[in-house]
Amino acid sequence: MQQLSEQELLRRQKREELIKLGFEPYPSPLFEVNATADQVLKSFKQGDEVKQENIVSLAGRLMSFRVMGSASFAELQDSTGRIQLYFRRDDLCSTEDKTLYNTVFKRLLDIGDLIGVQGYIFSTQTGEISVHVTNFKVLTKSLKPLPVVKTTVDEQGKETVYDAFSDPEQRYRQRYVDLIVNPQVRKTFQQRTQLINVMRNFMSDSGYLEVETPILQPIYGGAAARPFKTHHNTLDMTLYLRIADELYLKKLIVGGYDGVFEFAKDFRNEGMSRFHNPEFTMMELYVAYKDYFWMMDFVEEMIEKVAISLHGTTKIQVGGNVIDFKRPWKRFTMFEAIQHFTGIDISDMNEAELRKTATQLGIETDDSMGRGKLIDEIFGEKCEHLLIQPTYITDYPLEMSPLSKKHRSKEGLVERFEAICNGKEICNAYSELNDPIDQRKRFEEQIELGKRGDPEAMLLDEDFLRALEYGMPPTAGLGIGIDRLAMIMTNQPSIQDVLLFPQMRPEKKAAVAEVADYVAIGIREELVQIIQKLGYLTIEELKKAVPNKLHGDVCGMRKKLKLNDVKNPTPEEVAAWLA
């Protein structure tokens, strides 16, 4: 049974009153809007002539009221910001019927309701640009009260926020409320879209084609990760949500495109943290006849453009750090980075020596970790979090990169780089492996790692190998984690802050007895909502009540809720409930 607060009950009553008065609280016809709050504020200046014939039409959500008898002020919020409204009874109600102002506006509207207004622009005596409303229409009656966030400004101009809707779990679960009451959150997601558009335009202008590849895949590949698994009933086959779109995009390079990219939703069945969500956005790009050196230059230029587009500068405040995306970025090989931060040269160590070194450095290992995984753990634990400014880590061990081409001059390494920024990877790129014989061997090595217990080992993809056998040109490939890049570019501490609807654990529901449970102990059904409103949500809680006090509370709440059709219980009835 849905539990309603006193405010929610009152709003439902107001909804019914609107209907009885002939005002539809959820009308079907469109409301013609010809201006936004931002446009009005920018177009009208102090001292401009007030022209009553120039009617503006706005729609949005009521965020505050100041009712003063026959005239009132309110604040309307639309997608561009807030603007003050001025309501005057005699302008709204030119006849003897004052219902629209006296009843609908003053009594039946609440903060959070959506209305459409028509009126002309003027400036108040205090200089605030406002809309003098000559007509308004209820567009949506809000049945739940919004959190009331108040802001004050002291003489020094310092803002103080009271009663902010700031609890992270509430904000992420109820993003719709978060967006209403926290305008800075809307800005974050606008910047995220701007970031994607800059990247999309940069790649399109470079001549590369945006494509779409399958999300449901018979074999997952292109990354080291656990997949989500599902079943196709008609085909009677197991399918996986993609962990990457790499292999499909490289098939398109085989097919003759010089450059393809995709903004893809990928899915990895892994833990959740400030930096991980099981569903995330990845941009992957593959360009024929290029290598990883070319791709480093390309990424620097593109991300520099993103920073300037969003902030007008390459320098961005991220937490306590100022990060500068100006080209060129610093470059370390992986072995150089490990030696730089630990003082240990691991470049010639075998698996046993690496395991011993990891233990000496306080890093946990297990038997499923091969040489590449051990190196990755050492780098991750001892180096990655120390790289704040954008830095390329290059030339990874062969074992870590089954899809990357062997290094042209360094034995045992591959032509791969990752960009690390603010202590986290934001992109991964290779000179792509295009030798089908070598690729098959790498896949087979991954199968052996899987047998040792590595849950993230790749599978052998015969169709991808067949495509390589037709011949893939030398290719540079890139993957950029959009969510992590958005965290940095918008100065957000958690990936949940740049995802509109992040994955959450199931919401805990309070135990609530059914109506039938109350009726079973002799309570009339029409009294159940009153009892629950008093906080007695289970029969066990109710049985602990004091009879005389409970009787008084029920009668008082019935009166408060204006349930005139409901008869008060007698003291004897209440005592019988608790017997």
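Could you give me a rundown of the overall build of the protein chain, with the residues and numbers involved?
Per the secondary structure count, the protein chain includes 20 helices and 20 strands. Against the compact-globule benchmark of 25 Å for 579 residues, the protein chain has a radius of gyration of 32 Å, which places it well outside the compact range. In terms of principal-axis extent, the alpha carbons of the protein chain reach across some 90 × 75 × 55 Å. Of all 579 residues assigned to the protein chain, the portion counted as buried reaches 47%. Relative to all contacts within the protein chain whose residues are 6 or more apart in sequence, the contacts with residues 24 or more apart total 64%. Accessible surface computed for the protein chain: about 29300 Å², of which carbon and sulfur atoms make up 49%. The distance from the centre of the 74 positive side-chain charges to the centre of the 87 negative ones in the protein chain is 5 Å.

Can you tell me about the side chain of glutamate 304, naming the residues and giving the values?
Here glutamate 304 shows up in helix α9 (residues 292–311). Not counting the four nearest positions on each side in its chain, glutamate 304 is found in contact with Thr314, Phe325, Lys326 and Arg327.

Kindly report on the packing of aromatic side chains, identifying the contributing residues and their values.
As enumerated under the stated definition, the model contains 18 aromatic pairs in all. An angle of 90 degrees between the planes, with centres 6.2 Å apart, marks the rings of phenylalanine 261 and phenylalanine 263 as edge-to-face. Residues phenylalanine 261 and phenylalanine 263 agree in their burial class; the two are buried. Members of the aromatic cluster, joined through ring pairs, are Phe65, Phe87, Tyr101, Phe105 and Phe136. A cation over an aromatic ring shows up here: arginine 416 above the ring of tyrosine 396, its NZ or CZ 4.3 Å from the ring centre.

Tell me about helix α14 (residues 462–470), residues and numbers included.
All of the buried residues in α14 are Phe464, Leu465, Ala467 and Leu468. In an axial view of α14, the angular spread of the buried residues amounts to 155 degrees, which keeps them on one side of the axis. Exposed residues lying more than 90 degrees from the buried face of α14 are Glu469 and Tyr470. Summarising the contacts, the buried residues of α14 are in contact with α8 (246–254) and α13 (436–451). Near the N-terminus of α14, the side chain that reaches the backbone nitrogen of aspartate 463, with its oxygen 3.1 Å away, is that of aspartate 461. Just downstream of α14, glycine 471 is the residue with a positive phi angle, here 110 degrees.

So what's going on with the sheet that holds strand β9 (residues 216–217)? Which residues, and what values?
With antiparallel pairing, the three strands of this open sheet are ordered in space as β9-β11-β10. Only two strands of the sheet have a single neighbouring strand rather than two, namely β9 and β10 (228–232). Of the strand pairs in this sheet, β9 and strand β11 (residues 237–241) are connected by two bridges, and their pairing is antiparallel. Within β11, the residue paired with glutamine 217 across the bridge is tyrosine 240.

Lay out a nonpolar patch on the surface in plain terms, naming residues and giving numbers.
A contiguous nonpolar surface patch, about 360 Å² in accessible area, is contributed by Tyr176, Leu500 and Phe501. In this structure, leucine 500 sits in the loop between α15 (482–489) and α16 (515–520). On the basis of relative accessible area, leucine 500 is assigned to the partly exposed category, the value being 37%.

Provide a residue-level description of unusual backbone geometry, including the pertinent values.
With an omega of -5 degrees, the peptide bond between arginine 327 and proline 328 qualifies as cis. Note that proline 328 resides in the loop between β15 (321–324) and β16 (330–333). Despite not being glycine, asparagine 422 has its phi angle at roughly 55 degrees, a positive value. Assignment of secondary structure puts asparagine 422 in the loop between β18 (416–421) and β19 (424–431). Asparagine 422 sits in the partly exposed class, given a relative accessible area of 27%.

Criteria and thresholds
Residues numbered from 1 in each chain as written. Predicted model: local features only at pLDDT ≥ 70, side-chain atom pairs only at ≥ 80, totals over all residues. Heavy atoms only, no water. Helix = DSSP H or I, 4+ residues; strand = E, 2+ residues; numbered from the N terminus. Rg over C-alpha atoms; globule rule 2.2 N^0.38 Å. Buried < 20%, exposed > 50% of the residue type's maximum accessible area, 1.4 Å probe, protein only. Contact = heavy atoms within 4.5 Å. Areas by Shrake-Rupley, 256 points an atom, 1.4 Å probe, with all protein chains shown as cover. Lys, Arg positive; Asp, Glu negative; His and termini not counted. Charge placed at Lys NZ, Arg CZ, Asp CG, Glu CD. Phe/Tyr/Trp six-rings, centres within 6.5 Å; stacked < 30°, edge-to-face > 60°. Lys NZ or Arg CZ within 6 Å of the ring centre and 35° of its normal. Arc of directions from axis to C-beta. Polar contact = N/O pair within 3.5 Å; in protein donor to acceptor, adjacent residues only side chain to side chain. Pairing = 2+ DSSP bridges. Patch = residues over 30% accessible without salt bridge, like charges linked within 9 Å, V, L, I, M, F, W, Y side chains within 5 Å. Salt bridge = Lys/Arg side-chain N within 4 Å of Asp/Glu carboxyl O.

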